[in-house]
Protein chains: 2
Amino acid sequence: MSAGGWQPAEPAGRVGQAFDPPPPIRLAMLGCGTVGREVLRLLSEHADELAARIGAPLKLVGVAVRRPHRHPEIPAELLTTDAAGLVNRPDVDVVIEVVGGIDPVRGLLLDALKAGRGVVTANKALLAEDGASLAEAAEAAGADLYYEAAVAGAIPLLRPLRESLAGDKIVRIAGIVNGTTNYILSAMAGASGGAGTGYREALEQATLLGYAESDPSADVDGFDAQAKAAILASLAFHTRVVASDVYCEGITEVTSADIAAAEGLGCVVKLLAICERVGSAEVGESVSARVYPAMIPAGHPLASVDGAYNAVFVEAESAGQLMFYGQGAGGAPTASAVLGDLVAICRNRVAGGRGPRDHVHANLPVQPMGATPTRYHISLDVDDRAGVLATIAGVFARHGVSIATVRQDMSGGAGPADRPGARLVIVTHTAPDAALAATVAALAELDEVLGVDRVLRVENLGRPVSALGVA
Amino acid sequence: MSAGGWQPAEPAGRVGQAFDPPPPIRLAMLGCGTVGREVLRLLSEHADELAARIGAPLKLVGVAVRRPHRHPEIPAELLTTDAAGLVNRPDVDVVIEVVGGIDPVRGLLLDALKAGRGVVTANKALLAEDGASLAEAAEAAGADLYYEAAVAGAIPLLRPLRESLAGDKIVRIAGIVNGTTNYILSAMAGASGGAGTGYREALEQATLLGYAESDPSADVDGFDAQAKAAILASLAFHTRVVASDVYCEGITEVTSADIAAAEGLGCVVKLLAICERVGSAEVGESVSARVYPAMIPAGHPLASVDGAYNAVFVEAESAGQLMFYGQGAGGAPTASAVLGDLVAICRNRVAGGRGPRDHVHANLPVQPMGATPTRYHISLDVDDRAGVLATIAGVFARHGVSIATVRQDMSGGAGPADRPGARLVIVTHTAPDAALAATVAALAELDEVLGVDRVLRVENLGRPVSALGVA
């Protein structure tokens, strides 16, 4: 099975034991940016330890980069600009891909897998777009495809989902999987102690600290979280979910007023990637995958995850509630995840086997966002006159949306000077998202409604929210 | 390698695909209590799903119990009282052990491993006492030994430590690994909202709720956490650490005054299992493993883990800070972990290989508790007279212990009516535990000291504790 053609060492080598050392496992790396440099450092600094854990030494045979002169730290004979040539070298056992982007990486990794080489990749965009092709190529060739680093960086998440919970049934995943947006929302909430800042100011801070790119769109518009949600949903529910299946709203519209409103309800605002198994065996199961900012109860374990940290909350039928917390990005943390995968693939090769593959046997349909049950928190500026509440309640009723709580917010909201205004804050019970959206649209049309100030979704995540009056 | 003698299915079966179904993997279970019953339920309810994930169906061939008449739900032909006979049946592929206790289980599992059968066990006491013998037997026979359920129940922890962080270097593990004591400490702190209770009352609550056994010693004296610390330290540091290597103090001496004192410092009290890599490559590395109640900063992710939940905080060189959170006990959560291991072993058998083994190549010495650097929080009742602070500071200095903060606690403490007393609260910097203990003993001998009210260790866990005046 190994392209290198060497035999499994039996027993696997421990440092200092006397027997013929097994031949090295030969590695090729595609790309050498922040993560790649850390991978090279770990490979070099921990060479003995890695050999002991794997049972064979590792040998780097090439690094494909665009501009070799920018990598004086790498021996010149290892550097190449010919990524395809490197991937197709017959003596390469495992390919580590830290380039990112969909093409030309897709073709390179497909070539590697088809040739039976193991592949470690951190490429969330590619996996969320076309992970199925990679998985099929791996399956057909009996090759290993590992990608722990693609979601939540250093946090061991995909392996627990795929292996530790293999005998369980995952019901829901709700994750803070983008550190940039979590940093921004934490800063807006004043989580580090001071007063909260506005969105623009928080984004500037994040950029200064290097958490946000100069073009922050992939983060703040939710696309990064969207790709990760697709990967998580695919893995958790044994179903193919691609990025475009995932409903996505970013945080660019979140205001300080939203954060304050959440606080008033005993909640905080987090950008969540939610993957749920919905329906039942009787009526048919499907998968919901979505990304949006939502209010969650302040007592929920996810609520206290601040700054650039990531955390993923998992609910499984037997295991109950689990949470995984750690750094979601950065060179060293991501390299740790890459190395963990590399060790696993290499151990599999030494043992003459391969790791668990991705199953898509469930093949559940993806539920459209409109049919997904959610809850809304709605702030309305209304005419402060008799009967207005009855009119508004009637709109909810006509759309089949049940109201959990209504309160009048004395602090904010007002109409024009000539019309006495009041701010109503309404939290609904769960209803299909389309019904909620239609309700909001109908409210906006009402003469009594001066403006729909803001809509935010509310996610209990299995915890009672007493301030909301509903479990 | 499989005792069943069947061939690996290639490719592994997906439900509905047309090829000869592979023969079943044959399971024997030892014990059938709370966890065992849940394992049987999951094996039955999820049979198709498990077969799809494994690539072969599972078949239970026997369950060894002490009193068969107590298990009317299990077909009579599967029940036996002859555990040794069951384990040695030549047609058994994998043994699931949920009996607990050291003997006779040790001999049964050694027999199973020597015969090449896979073993899944939740037996922390046995693993902490003699995991090395089991690991050696597994290694010699090329058999799989998995025990995720032995530490922190449903939380995927051992697999991430062993596999996900295989390319990293674990520096420290600090875990809340006993739900009973965490429930008691949470109740004493009033974590669920009300006022805190005393230790006795909290223990009674825990017993009523079924969290504590009628003899709670294994939990409250720290022995359960001690066994888990030994397993974690062995795994994390590739070194043999047994339960008796782990320094252990329970929570029976923790008072409401301790909890209040912690709150005053911006801390909470948790029973921690701490495993650390100490020293350096230059001066020699060793391992510290210890269990005791300690003050930790209220802002630390572990601090908000309340009730019967478990959480384990891991620091690794590259990955940084990670935390794993979930249910540490209970039938269904523990069964989820057992099933995850079972699926892994069965997948390995289908693939004709085996999983990663436990390496003890590092063989680090275990640091005695006296040499382990810790910090103390000390409450002293002293004579309120001139010079007392200088005398006390002199005792610390003579023992080489540096004081971080001293403050006079106006609320509590007093001497007898005829001697005006003051309560001093002292927090030290880090010093060897023996030096700290000797300091406390010397303080108690001082004429000026009316009493050493209480000593609690302080663990920053990598976070600054501003109230303590030290990072």
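Structure: see above.
Residues numbered from 1 in each chain as written. Chains lettered and ligands numbered in written order. Predicted model: local features only at pLDDT ≥ 70, side-chain atom pairs only at ≥ 80, totals over all residues. Heavy atoms only, no water.

Draft legend 1. Broad picture of the side chain of Glu38(B). Residues and elements named next belong to chain B. Tracing the sequence through the fold places Glu38 in helix α1 (residues 34-45). A polar side-chain atom of Glu38 sits 2.9 Å from a polar atom in the side chain of Arg41. Discounting chain neighbours no more than four positions away, the residues touching Glu38 are Gly331, Ala332 and Ala335. (Helix = DSSP H or I, 4+ residues; strand = E, 2+ residues; numbered from the N terminus. Polar contact = N/O pair within 3.5 Å; in protein donor to acceptor, adjacent residues only side chain to side chain. Contact = heavy atoms within 4.5 Å.)

Draft legend 2. Quick peek at the interface of chain A and chain B. Each partner contributes residues to the interface: chain A has 55 residues there, and chain B has 55 residues. Carbon and sulfur atoms make up 50% of the area that chain A and chain B hide from each other, which totals about 4900 Å². At the surface where chain A touches chain B, the tally comes to two salt bridges. We note a salt bridge from Glu163(A) to Arg159(B), for which the minimum N-O separation is 3.6 Å. Summed over the shared surface of chain A and chain B, the number is 16 residue pairs in polar contact (both at pLDDT 80 or more). Of all elements in the fold, only α1 (34-45), α2 (47-54), α6 (158-164), β12 (320-327) and α12 (331-350) of chain A reach the threshold of two or more residues within the side of chain A that touches chain B. By residue number, the principal contributor to the side of chain A that touches chain B is β12(A), which donates eight residues. Residues of the side of chain A that touches chain B, tallied by class, amount to 24 nonpolar, 14 polar and 17 charged. Inspection of the sheet shows β12(A) paired to strand β12 (residues 320-327) of chain B by three bridges, in the antiparallel sense. Directly across from Tyr325(A), in β12(B), lies its bridge partner Met323(B). (Buried area = accessible area lost by both parts, 1.4 Å probe. Salt bridge = Lys/Arg side-chain N within 4 Å of Asp/Glu carboxyl O. Nonpolar A, V, L, I, M, F, W, Y, C, P; charged D, E, K, R; others polar. Pairing = 2+ DSSP bridges.)

Draft legend 3. Molecular detail of α12(A). End to end, α12(A) covers 28 Å across 20 residues, agreeing with the expected 28 Å (1.5 Å per residue, within 8%). Taking burial as the measure, the 20 residues of α12(A) include 19 buried ones, the bulk of the element. (Expected span 1.5 Å × (residues − 1). Buried < 20%, exposed > 50% of the residue type's maximum accessible area, 1.4 Å probe, protein only.)

Draft legend 4. Inspection of the pairing of strand β15 (residues 421-428) of chain B at higher detail. All names here are of chain B. Counting buried positions over the eight residues of β15 gives seven, a clear majority of the element. Note: strand β13 (residues 373-383) against β15, seven bridges, orientation antiparallel. Looking at β15, one finds that His377 is bridged to Val427.

Draft legend 5. Structural context of the sheet that holds strand β5 (residues 118-121) of chain A. Residue and element names in this part refer to chain A. Here we have six strands laid out as an open sheet, ordered β3-β2-β1-β4-β5-β6, and parallel in their pairing. A single partner strand is all that each edge strand has here, and the edge strands are β3 (79-80) and β6 (145-146). In the sheet, β5 pairs with β6 via two bridges, with the strands oriented parallel. Along β6, the bridge assignment pairs Val119 with Leu145.

Draft legend 6. Just the sheet that holds strand β5 (residues 118-121) of chain B, in detail. All names here are of chain B. The strand order across the open sheet built from six strands is β3-β2-β1-β4-β5-β6, with neighbouring strands paired in parallel fashion. Strand pairing shows two members of the sheet lacking a second neighbour, β3 (79-80) and β6 (145-146), which therefore form its edges. Bridge analysis of strand β1 (residues 25-30) against strand β2 (residues 58-64) gives six bridges, and the strand direction is parallel. Each residue of the ladder has a partner; that of Arg26, found in β2, is Lys59.

Draft legend 7. Up close: the relation of the copies chain A and chain B. Take chain A, turn it by 180 degrees, move it 0.0 Å along the axis, and it overlays chain B with an RMSD of 0.0 Å. Such a combination of turn and shift is consistent with a two-fold rotation axis. Looking at chain A, 100% of its interface residues are interface residues in chain B too, so the copies touch through the same face. (Least-squares fit on C-alpha atoms with pLDDT ≥ 70 in both.)

Draft legend 8. Broad picture of the packing of helix α13 (residues 388-398) of chain A against helix α14 (residues 433-445) of chain A. Residue and element names in this part refer to chain A. Where α13 meets α14, the axes come as close as 9 Å, and the angle between the chain directions of the two elements is 150 degrees. Accordingly, the angle class assigned to the pair α13 and α14 is roughly antiparallel. The chirality of how α13 crosses α14 is right-handed. Each of Ile392, Val395 and Phe396 in α13 lies in contact with α14, whose residues at this interface are Thr439, Ala442 and Leu443. Residue classes in the contact of α13 with α14 are distributed as five nonpolar, one polar and no charged. (Axes fitted to C-alpha atoms, helices over the stretch in contact; angles between N-to-C directions. Parallel < 35°, antiparallel > 145°, perpendicular 65-115°, else oblique. Left-handed = near helix turned anticlockwise from the far one by under 90°.)

Honestly, it's all geometry; don't read function into it.
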